[in-house]
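This is what each chain is made of:
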Amino acid sequence: MRLLTNVEDAIDAHSYPATAEELVAEYGDLELETPNGTETFGDALECLGDTTFADAEEARLGAYSAVSSDAVGRQNYSDRDAPSIGESGREQVSF
């Protein structure tokens, strides 16, 4: 999943260390395409406040961790969780 396709070059070229606030001020209007729509880079990083990123990779990971739930496919879904003791598990869903 690559939400930051149109933001990559901008954050790669930015001078670091940089705070989330600096990145929002500079690139906040750039749009991230999520599976369920779009949101701005600024909206994603806004909740990180005064977080400082040492390099572009930290900024990228920060943005991925801060996107809204619209960036998530099926929420609360995992095909790897074993059923708990006493549960028979979930019914399989086929797409």
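Bear in mind that the values here come from a model prediction, so they are computed numbers and not experimental data.

1. Description of the side chain of Thr19
Position of Thr19 among the secondary structure elements: in strand S1 (residues 18-19). In contact with Thr19, other than residues within four places in its own chain, are Thr51, Thr52 and Phe53.

2. Here's the deal with the pattern of salt bridges
Per the counting criterion, the structure on display carries three salt bridges. When the shortest N-O distance is used, the salt bridge between Arg60 and Glu8 registers 2.8 Å. In this pair, Arg60 is assigned in helix H4 (residues 56-66) and Glu8 in helix H1 (residues 8-13), connecting sequence segments 52 residues apart. Note on accessibility: Arg60 and Glu8 belong to one class, buried. Note that Arg60 is salt-bridged to Asp12, the shortest N-O span being 2.4 Å. Of this pair, Arg60 sits in helix H4 while Asp12 is found in helix H1, placing the two residues 48 residues apart along the sequence. Classification of Arg60 as buried rests on a relative accessible area of 12%. The network of salt bridges with common partners includes Glu8, Asp12, Glu57 and Arg60.

3. Observations regarding the nonpolar core
The biggest cluster of nonpolar side chains holds 17 residues, and the ones touching the most others in it are Tyr16, Leu23, Phe41 and Phe53. Looking at this core, the elements that each hand over two or more residues are H1, helix H2 (20-27), helix H3 (41-46) and H4. Dropping the residues within four chain positions of it, Leu23 is found in contact with His14, Tyr16, Ala18, Gly28, Phe41, Leu45, Phe53 and Ala59.

Each value, and the rule that gives it
- Residues numbered from 1 in each chain as written.
- Predicted model: local features only at pLDDT ≥ 70, side-chain atom pairs only at ≥ 80, totals over all residues.
- Heavy atoms only, no water.
- Helix = DSSP H or I, 4+ residues; strand = E, 2+ residues; numbered from the N terminus.
- Contact = heavy atoms within 4.5 Å.
- Salt bridge = Lys/Arg side-chain N within 4 Å of Asp/Glu carboxyl O.
- Buried < 20%, exposed > 50% of the residue type's maximum accessible area, 1.4 Å probe, protein only.
- Core = buried A, V, L, I, M, F, W, Y, C linked by side-chain atoms within 4.5 Å.

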